[in-house]
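# Summary of structural features
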Amino acid sequence: FQAEDGIRDRSPSRGLGDVYKRQEQQRFDESDALLNHMTGVYPQDPEFIRLQARLFRIQNQWQDAEQQYRMLLTFLPGDLECLNQLSLLEGKNGHLDKSLVFRSRWQTSTELLKEAEYLLQQLENTSGSSEKAYGSLCIRLANICKHFGQFRYALAWYEVAKKDGVSDPELEQSLQDMAQH
């Protein structure tokens, strides 16, 4: 796949832009064929699962959309779009209790994103101050990343906390857990 603008970054294209473009142009058969091919190439890529779910939703294939969104949650457990769509689909199916569970998880994730934004601002303000305060902020950010299934980033934040001298048994356990992902 070649980038339309002719600009190629260092990583090879996964074809996401081609799928987005076809969906926007309502060329669903082409989008579906491309998605089927790309999910074979990248079976664990959550973005292709998300695009497949959107395509099913656009085409009113509710059960297939729900299945894809549930699969997406296994990769990105705090994904806002996914939680919102599952809440709506469960409500549409008359499962109000399940709908409320997804809505509650969506709310929790929204609040965590706001907290992450605040923590990043605090990190900027505390650089150069006490290592304990800095390390504590890093651990909180790592835990938020972990909630969203962003294990690579969680591991990086845990490692920063450890490098900054935070000594905590839970930190050591989290580092071991993250190394397995």
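Attention here is on the structure that accompanies the text. (Residues numbered from 1 in each chain as written. Predicted model: local features only at pLDDT ≥ 70, side-chain atom pairs only at ≥ 80, totals over all residues. Heavy atoms only, no water.)

Another aspect to go through is the overall build of the chain. Across its full length, the chain carries 9 helices and 0 strands. Reading the chain from its N terminus to its C terminus gives the helix and strand order α-α-α-α-α-α-α-α-α. Residues counted as buried form 36% of the 181 residues belonging to the chain. By sequence separation, contacts in the chain at least 24 residues apart represent 45% of the contacts at least 6 residues apart. Surface exposure of the chain reaches about 11,000 Å², of which carbon and sulfur atoms provide 50%. (Helix = DSSP H or I, 4+ residues; strand = E, 2+ residues; numbered from the N terminus. Buried < 20%, exposed > 50% of the residue type's maximum accessible area, 1.4 Å probe, protein only. Contact = heavy atoms within 4.5 Å. Areas by Shrake-Rupley, 256 points an atom, 1.4 Å probe, with all protein chains shown as cover.)

This part takes up the nonpolar core. Formed by 17 residues in total, the largest nonpolar core has its most connected members in L119, L123, I139, L141, I144, Y158 and A161. Elements with a minimum of two residues in this core: α6 (96-126), α7 (131-147) and α8 (151-163). Setting aside its immediate chain neighbours within four residues, L123 contacts Y134, L137, C138, L141 and W157. Counting residues in each nonpolar core, the second largest holds 13 residues, with A65, Y69, L76 and C82 among its members. (Core = buried A, V, L, I, M, F, W, Y, C linked by side-chain atoms within 4.5 Å.)

Bringing the environment of Q176 into the picture now. One can find Q176 in helix α9 (residues 169-179). On a C-alpha basis, the gap between Q176 and L155 in space is 9.2 Å, while along the polypeptide they are 21 residues apart.

What follows covers the pattern of salt bridges. This structure, assessed with the given rule, holds 7 salt bridges. Here R50 and E81 are joined by a salt bridge, their closest N and O atoms 3.0 Å apart. Taken as a pair, R50 in helix α3 (residues 46-58) and E81 in helix α5 (residues 80-92) lie far apart in primary sequence, 31 residues in all. Given a relative accessible area of 7%, R50 falls into the buried group. Within this structure, E47, R50, R54, D79 and E81 form a network of salt bridges that share partners. (Salt bridge = Lys/Arg side-chain N within 4 Å of Asp/Glu carboxyl O.)

Once that is clear, we can look at α5. Given a rise of 1.5 Å per residue, 13 residues ought to cover 18 Å, and the 18 Å separating the end C-alpha atoms of α5 matches this to within 8%. Those residues of α5 that are buried lie in contact with α3, α4 (62-75) and α6. N-capping of α5 is provided by D79, with a side-chain oxygen placed 3.4 Å from the backbone N of E81. G94 sits one or two positions beyond α5 and adopts a positive phi of about 85°. (Expected span 1.5 Å × (residues − 1). Polar contact = N/O pair within 3.5 Å; in protein donor to acceptor, adjacent residues only side chain to side chain.)

By themselves, these observations are geometric and do not establish any function.
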